[in-house]
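# Descriptive structure summary
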Amino acid sequence: MACHVALRRLMSEYKQLTISPPEGIVAGPPDEENFFLWEVALAGPEESAYEGGVFSATLSFPPDYPLLPPVLRFTSEMFHPNIYPDGTVCVSLLHPPDEDVFGYEKLADRWSPTRTVEKILLSVLLLLAEPNAESPANVDAAKMWREDRAQYNALVAETVRKSLGL
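Let me begin by describing the structure that accompanies this report.

What counts, and at which threshold
- Residues numbered from 1 in each chain as written.
- Predicted model: local features only at pLDDT ≥ 70, side-chain atom pairs only at ≥ 80, totals over all residues.
- Heavy atoms only, no water.
- Helix = DSSP H or I, 4+ residues; strand = E, 2+ residues; numbered from the N terminus.
- Buried < 20%, exposed > 50% of the residue type's maximum accessible area, 1.4 Å probe, protein only.
- Arc of directions from axis to C-beta.
- Contact = heavy atoms within 4.5 Å.
- Polar contact = N/O pair within 3.5 Å; in protein donor to acceptor, adjacent residues only side chain to side chain.

## Here's the deal with unusual backbone geometry
Here the bond from Y65 into P66 is cis, since omega is 10 degrees, no more than 30 degrees from zero. Turning to its location among the elements, P66 is positioned in the loop between strand 3 (54-60) and strand 4 (71-74). For E47, which is not glycine, the phi dihedral falls at a positive 60 degrees. Its location among the elements puts E47 in the loop between strand 2 (37-43) and strand 3.

## As for helix 3 (residues 139-147)
When helix 3 is considered as a whole, its buried residues turn out to be A141, A142 and M144. One face of helix 3 carries all of its buried residues, which in axial projection span an arc of 165 degrees. Exposed residues on helix 3 whose side chains face more than 90 degrees from its buried face are V139, D140 and E147. As for helix 3, its buried residues are in contact with helix 4 (149-163).

## Examining the environment of R149
Within the secondary structure, R149 sits in helix 4. Counting along the chain gives 88 residues from R149 to F61, while the straight-line C-alpha distance between them is 35 Å. Polar contacts involving the side chain of R149 include one to the main-chain carbonyl oxygen of W145, which spans 2.8 Å.

Shown next as structure tokens:
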């Protein structure tokens, strides 16, 4: 039953994204056989270190979506304070809707079934432009972002070039 609800919701969200796609975002299942795995392409936000890049990712949805959040993982190489070395994005709105044992996040900032794929992807674009270095997934990137912005921007510029196959 939960899987049927998830499938209906994902089909609806996909339809909405195809009718009215947000600027800089392309997302959807690579084939209609599996709506629980989507491919994503995000254009680097303007006036950010990622500007000009096009970054690939996957969105993996659990069978009980939207009760639990999907996992967003970049398949493009990424250097960012809030992206783990394996490409998994660490952002509050993708954390399960239970209490934060570390007391860092408010419950209202975590996953809610009212959030949509579009909201997730727009939030990730914002995160690319404005990292949260206080809660890093990549400690080296966070340290560099805080202490040596020129070196950080140079490393990101390399990932932008790689995202374009240059």
